[in-house]
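Descriptive structure summary
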Amino acid sequence: MPLRIIVLAKQVPDTKNVTGEVMKPDGTVNRNALAAIFNPEDLNALEMGLELKERYGGEVIVITMGPPRAVEILKDSLCRGADRVILLSDRRFAASDTLATSYTIAQAIQTHLMPFDMVLCGRQAIDGDTAQVGPQVAEKLGIAQVTFADRVLAIEGECVRIRRDLGRAQEIVLARKPVLLTVPKSANSPRWPNARLLLKYRRARSAFEVEAEAKRQGRSVDDVVADLRKRGLFIETWGAEDINAELARVGISGSPTKVKKVENVVLAGRNLKLYSADDDGIRSLVTELVEERTFG
Amino acid sequence: MSQHGEVWVYAEVDDGAIAGVSLELLGKGRELAGILGVPLAAVILGSGTRPLAEQLIAYGADIVYSADDERLAQYTTLPFSRVLTDLIREKKPEIVLYGATPVGRDLAPRVASALKTGLTADCTDLQIGSYESAGRLYQKKLLQIRPAWGGNIIATIVSPDVLPEMATVREGVMHAPDPVEGRTGTIIDVPVVLDSECDFVRVIERHTQPRRVDLRSASIIVAGGYGMGSKENFQLVHELAAVLGGAVGASRAAVDAGFIHADHQVGQTGTTVRPKLYIACGISGAVQHRAGMEESAKIIAINTDPEAPIFQVAHYGIIGDVRDVIPRLIKAFKGKL
């Protein structure tokens, strides 16, 4: 039986590469200056999906929820070997917390992508580091979850044998399909986009992009979409109605958590006492430490 | 009677003992329950956990909900989340806190989703305070404080309209209370009702390795960064730690460069520490590292770059090459100790 594997991906600000250019003079980060990237561990999830497809046959479908520009990571996914990609994007999805996000994603899966065998997502995203959406999607879909899944050892009929890497512990578990896995970076090294696919999907477009282009070219949107579809270049774009979402459960109204306050981390700047790097300087530092009883 | 529900701490069992972070949460939970004027309860799920339930009372729980059943001998998501979700629905606590451990981060989101309630991950502080929105004032809400954006911002999150308010809390940032012998409390047995879906995941094998180093209880930590230059040079960090009787820590860059095992990593993705003395050798002081060590009582930074951010959290600084400074420090310490 060919597998249907759904990969959940997110476009995130590159918080790990905060360089001098994005620091403001007051020592805080200029968030708008951070590049938008494919969440690193979601690439590990995609790689795991592609390897499973190669081993067992089937299809890999990548879903992302985000603003229109998040289509960038979907195009990237196509160029790495995904069979189908879906952009979940609607102004009403904005400001979703993890509960609203998991509802929206689960709703999209339940409306259009049943039945499936596995859902794979990165262990966590580097913007929020919450690691919550995966387990919450699993709960909404009513399926089992295996977090920190760094190897799929085998698919044995209706069960999947999985290795979990919990840092200080390793587990081998047997999970009934369908199952959701969250994948840590230790799982694999993601492949690079393929040159042939880069050429092929250069012209792939989401509904948002089609709208803008059709206007420029003076063609009808339907026309352009039909044309792209024929060539396998139309990126499905779903809003709230397309997935039969209850509006009270998406976006800000579906998000029980609210941000009360955000503070930039500013370096405190203590009263730093400098000592010279020679023997005299170092001896006086040690003497001071002994006198103030940092030792003994 | 208080208008608020109880404050709960999920007491995680780790290799037959209560996880350190759960004890830390009892300390914080005690404080929050005091402000709300409600009892502090611990919830423990496991098999043969009665003695641990007694311990939870000594550490400050007024009530212990104990689900003691052989089917819960090992943590798996579905049965644990089932029992906990049912119990929360029945008892309606105000607040439920979990350690941000692999178990807490697996369990809490599943429970939050089932209850359609809010959850904030990996908090570093919790307070009770008010929240105002659209002209409405919410009082005595749980303020859930956590770093985000790779530690570059600190966000305060509230869940004003839902109960329970739930959060996972980073290990090592809160203080465990001292146990009080003979403290009394109530242990309430929780019935365990599971259905067939709870058998969807089975643990076939489990191996654990002890931690190579116990950074959390070390009073002196000597930590090395990428600036140590090589695995061979990193030996100097081990030597200085040995002279001082301290533990060896490392920055993420040093771990990524292969100088030392990840168990030694201090920082946001490693261990949070607050020793009496922290010596940062060749560590530039990225925000993720500082988040894990800036509460150390005394910090010495050694770095060639006078602009390195580590100097802004340090009490003492030496601008110089670690390969030159560390041997001199070893010599000076040997003369004094």
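A quick note: this is a predicted structure, and the numbers were derived from the prediction, not measured.

For chain B, the count of helices and strands is eight helices and 18 strands. Over its C-alpha trace chain B gives a radius of gyration of 22 Å, about what one expects of a compact globule, namely 20 Å for 337 residues. Overall size of chain B, expressed as C-alpha extent along the three principal axes, is 65 × 55 × 40 Å. Taking all 337 residues of chain B together, the buried fraction comes to 54%.

All right, on to the nonpolar core then. Core analysis: the biggest nonpolar cluster contains 131 residues, and V7 of chain A together with V43 and L56 of chain B have the highest contact counts within it. In terms of residue count, helix 3 (residues 98-112) of chain A provides more of this core than any other element does, seven residues in total. Those residues in contact with V43 of chain B that lie beyond four places of it in its chain are W8, Y10, A11, Y65, L84 and L87 of chain B. In terms of nonpolar packing, the next biggest core, distinct from the first, is built from 48 residues, L289 of chain A together with I260, M293 and I302 of chain B among them.

To continue, consider the sheet that holds strand 7 (residues 144-146) of chain A. All names here are of chain A. With respect to topology, eight strands assemble into an open sheet ordered 7-11-6-1-4-5-13-12, the strand pairing being parallel. Both edges of this open sheet fall to strand 7 and strand 12 (205-206), since each of them pairs with a single strand only. Pairing between strand 7 and strand 11 (residues 179-183): three bridges, direction parallel. The residue of strand 11 that forms the bridge with A144 is V179.

Read across the open sheet, the four strands follow the order 14(A)-10(B)-9(B)-8(B); overall the sheet is antiparallel. Both outer strands of the open sheet, strand 14 (258-264) of chain A together with strand 8 (125-133) of chain B, are each paired with one neighbouring strand and no more. Ignoring which end each strand starts from, the neighbouring axes of this sheet average 35° apart. Pairing geometry for strand 9 (residues 136-148) of chain B and strand 10 (residues 153-158) of chain B, over five bridges, is antiparallel. Counted as the bridge partner of Q144 of chain B is I157 of chain B from strand 10 of chain B.

The rules behind these values
Just so you know, the residues in each chain are numbered from 1, in the order the chain's sequence is written. Chains carry letters and ligands carry numbers; both start at the beginning, A for chains and 1 for ligands, and go up in the order they are written. Local features in this predicted model are restricted to residues of pLDDT 70 or higher, and side-chain atom pairs are both shown and tallied only at a pLDDT of 80 or more, whereas totals for entire chains, interfaces and linings draw on every residue. Each helix is a run of H or I in the DSSP string that is no shorter than four residues. Each strand is a run of E no shorter than two, and both are numbered from the N terminus. Radius of gyration here is computed from C-alpha atoms only, and the compact-globule reference equals 2.2 Å multiplied by the residue count raised to the power 0.38. Three exposure classes are used, based on other C-beta atoms lying within 10 Å of a residue's own C-beta, which is placed from the backbone: buried for 20 or more, exposed for 12 or fewer, and partly exposed in between. As used throughout, a nonpolar core is a set of buried Ala, Val, Leu, Ile, Met, Phe, Trp, Tyr and Cys residues joined through C-beta atoms within 7 Å of each other. A pair of residues counts as a contact when their C-beta atoms, built from backbone coordinates, are separated by no more than 7 Å. The rule for pairing is simple: two strands pair if DSSP sees at least two bridges between them. Throughout, an axis means a line fitted to C-alpha atoms (over the contacting stretch in the case of helices), and angles, computed between N-to-C directions, take values from 0 to 180 degrees.

Keep in mind that these numbers describe shape and distance, not what the molecule does.
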